[in-house]
Amino acid sequence: ELKVEQNPLFLSMQEGKNYTIYCNYSTTSDRLYWYRQDPGKSLESLFVLLSNGAVKQEGRLMASLDTKARLSTLHITAAVHDLSATYFCAVDWEYGNKLVFGAGTILRVKS
Amino acid sequence: ETGVTQSPTHLIKTRGQQVTLRCSSQSGHNTVSWYQQALGQGPQFIFQYYREEENGRGNFPPRFSGLQFPNYSSELNVNALELDDSALYLCASSPRLVPAYNEQFFGPGTRLTVL
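Definitions and cut-offs
- Residues numbered from 1 in each chain as written.
- Chains lettered and ligands numbered in written order.
- Predicted model: local features only at pLDDT ≥ 70, side-chain atom pairs only at ≥ 80, totals over all residues.
- Heavy atoms only, no water.
- Helix = DSSP H or I, 4+ residues; strand = E, 2+ residues; numbered from the N terminus.
- Rg over C-alpha atoms; globule rule 2.2 N^0.38 Å.
- Buried < 20%, exposed > 50% of the residue type's maximum accessible area, 1.4 Å probe, protein only.
- Contact = heavy atoms within 4.5 Å.
- Areas by Shrake-Rupley, 256 points an atom, 1.4 Å probe, with all protein chains shown as cover.
- Lys, Arg positive; Asp, Glu negative; His and termini not counted.
- Charge placed at Lys NZ, Arg CZ, Asp CG, Glu CD.
- Salt bridge = Lys/Arg side-chain N within 4 Å of Asp/Glu carboxyl O.
- Core = buried A, V, L, I, M, F, W, Y, C linked by side-chain atoms within 4.5 Å.
- Pairing = 2+ DSSP bridges.
- Buried area = accessible area lost by both parts, 1.4 Å probe.
- Polar contact = N/O pair within 3.5 Å; in protein donor to acceptor, adjacent residues only side chain to side chain.

A. Quick peek at the overall build of chain A. Helix and strand content of chain A: zero helices and 11 strands. For chain A, the α and β elements follow one another from N to C terminus as β-β-β-β-β-β-β-β-β-β-β. Against the globule reference of 13 Å for 111 residues, chain A gives a C-alpha radius of gyration of 13 Å, in line with a compact fold. Here the C-alpha coordinates of chain A stretch approximately 40 × 30 × 20 Å along the principal axes. For chain A, with 111 residues in total, the buried portion stands at 47%. The contacts in chain A between residues at least 6 apart in sequence include a share of 54% that link residues at least 24 apart. Total accessible area computed for chain A in this model is approximately 5400 Å², and 50% of it derives from carbon and sulfur atoms. Each charge class in chain A was averaged separately, 12 positive and 11 negative side chains, and the resulting centres sit 3 Å apart.

Here it is as structure tokens:
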């Protein structure tokens, strides 16, 4: 059974600081997704990582994938308040869009 | 081109009742997946429909059932509602079911409250 673990589960940051969210998964896969969710809203796709060593960046967020270590990271650079949300990683375990999600990381950026 | 839509937005039911949630997939998408997201948790895969047939199911009891119609819209039915069924139900559609990567698009969700 595929398990996806995120840490930390809660992250309180000061504006301008850097931090990394980690996503570990238990079964080989090279399809990993990062989503953002605002309170009461649906999922917003941030990154799709489809191969070992994939790195993608959008604004202050950068995601990477190491399939050998079964690890993905979401790095936040110089955090701003607008980044406050819950971030999920998800792994596609059968390559058929049947995603297994982590528990989510609640990010709060304080000014 | 319209995105994935779901109805209703919110729903309140009582224990033991039955509920039907609806999802219209994005134009041209023949695969629909349903997820349950309890408060404070990550979404959990319920099942997927491809060309009107169930194509995979998560760890949910048989009282969770679904349908997909010829126009690829889908329904999620839950019988004998329990308090723990209270959650945000998300559907997602993708263009086709092949090993190659196909982006999946999520709808806005239906918030179900069971009293």
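Further notes follow.
B. Main features of the pattern of salt bridges. What the rule picks out here adds up to six salt bridges over all chains. Note that A:E1 and A:K3 form a salt bridge whose closest N and O atoms lie 4.0 Å from each other. What makes A:E1 exposed here is its relative accessible area of 81%. You can call A:K3 partly exposed: its relative accessible area is 47%. A salt bridge links B:R57 to B:E54, with the nearest nitrogen and oxygen atoms 3.4 Å apart. On the basis of relative accessible area, B:E54 is assigned to the partly exposed category, the value being 39%.

C. Representation of the nonpolar core within the structure. Residues A:L32, A:W34, A:L74, A:I76, A:Y87 and A:L107 are the most contacted members of the largest nonpolar core, which totals 25 residues. Among the secondary structure elements, those contributing two or more residues to this core are β2 (10-14), β3 (19-25), β4 (32-37), β5 (43-49), β7 (61-66), β8 (71-76), β9 (85-92) and β11 (105-110) of chain A. A per-element tally of this core places β9(A) first, with four residues. By size, the runner-up hydrophobic cluster in this structure holds 20 residues, among which are B:V4, B:I46, B:Y49 and B:V78.

D. Structural view of the pairing of β11(A). All names here are of chain A. Burial along β11 is one-sided: the face carrying T105, L107 and V109 is buried and the face carrying I106, R108 and K110 is not. Here β2 pairs with β11 via five bridges, running parallel. Pairing of F10 across the sheet is with I106, part of β11. Here β9 runs beside β11; their pairing, made up of three bridges, is antiparallel. Its bridge partner being in β11, T86 is matched across the sheet by I106.

E. Focus on the interface of chain B and chain A. Listed as interface residues are 26 residues of chain B and, on the opposing side, 20 residues of chain A. Both faces considered, chain B and chain A share a buried interface measuring about 1600 Å² in area, 51% of it formed by carbon and sulfur atoms. Considering only the side of chain B, the residues that lose the most area to chain A are B:P43, B:Y101 and B:F106, jointly responsible for 33% of the buried surface there. Here chain B is connected to chain A by zero salt bridges. The tally of links from chain B across to chain A stands at six residue pairs in polar contact (both at pLDDT 80 or more). At the level of secondary structure, the elements contributing two or more residues to the side of chain B that touches chain A comprise β4 (31-37), β5 (44-50), β6 (53-57) and β9 (87-94) of chain B.

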